[in-house]
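Commentary on secondary and tertiary structure
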Amino acid sequence: MIYNKSMKKKVLIMPKEGILDPQGRALKDVLNEAGFDVKDVRIGKAVEIELESLENLDKIIKEYIINPLTEDYEVL
């Protein structure tokens, strides 16, 4: 019997602090206008990646998935 040893990881990508987030700002304004007391909204993205090994995951993320100047990431 052959077992698939690949692993799935989720990568949460968010704008770095201080980087403008026009989508987040627009949603915050809409929610506040609707009567919700929202202090801040940041909109990012999630990537699910399936790999045979996690050995090169950080390199893949930093070189191919995120913009390291404007984005931070977390592997879940």
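Residues numbered from 1 in each chain as written. Predicted model: local features only at pLDDT ≥ 70, side-chain atom pairs only at ≥ 80, totals over all residues. Heavy atoms only, no water.

1. Looking at the overall build of the protein chain
- Scanning the protein chain for helices and strands turns up 2 helices and 3 strands.
- Scanning the protein chain from its N terminus toward the C terminus, one meets helices and strands in the order β-α-β-α-β.
- In terms of overall size, the protein chain is more extended than a compact globule, its C-alpha atoms giving a radius of gyration of 17 Å where 76 residues would be expected to give roughly 11 Å.
- The C-alpha extent of the protein chain, read off along each of the three principal axes, is 60 × 30 × 15 Å.
- Per-residue burial over the protein chain gives 20% buried out of 76 residues.
- Across the protein chain, contacts joining residues at least 24 apart in sequence account for 68% of those joining residues at least 6 apart. (Helix = DSSP H or I, 4+ residues; strand = E, 2+ residues; numbered from the N terminus. Rg over C-alpha atoms; globule rule 2.2 N^0.38 Å. Buried < 20%, exposed > 50% of the residue type's maximum accessible area, 1.4 Å probe, protein only. Contact = heavy atoms within 4.5 Å.)

2. Concerning the environment of Pro15
- As for its placement among the helices and strands, Pro15 is situated in strand β1 (residues 7-15).
- Sequence separation between Pro15 and Ile43 is 28 residues; the distance between their C-alpha atoms is 7.7 Å.
- What Pro15 contacts, discounting residues up to four positions off in sequence, is Asp21, Arg42, Ile43, Gly44, Thr70 and Glu71.

3. Points about the environment of Lys10
- Mapping Lys10 onto the fold places it in strand β1.
- What makes Lys10 partly exposed here is its relative accessible area of 45%.
- Apart from residues no more than four positions distant in its own chain, Lys10 is found in contact with Val47, Glu48, Glu74, Val75 and Leu76.

4. A word on the sheet that holds β1
- The strand order across the open sheet built from 3 strands is β2-β1-β3, with neighbouring strands paired in antiparallel fashion. The open sheet is flanked by β2 (45-51) and β3 (71-75), the only strands paired with a single partner. Adjacent strand axes in the sheet meet at a mean angle of 25 degrees, parallel and antiparallel pairs treated alike.
- Bridge count for β1 against β3 is 5 bridges, and the pairing is antiparallel. Following the sheet pairing, Met14 is matched in β3 by Asp72. (Pairing = 2+ DSSP bridges. Axes fitted to C-alpha atoms, helices over the stretch in contact; angles between N-to-C directions.)

On their own, these measurements won't tell you what the molecule is for.
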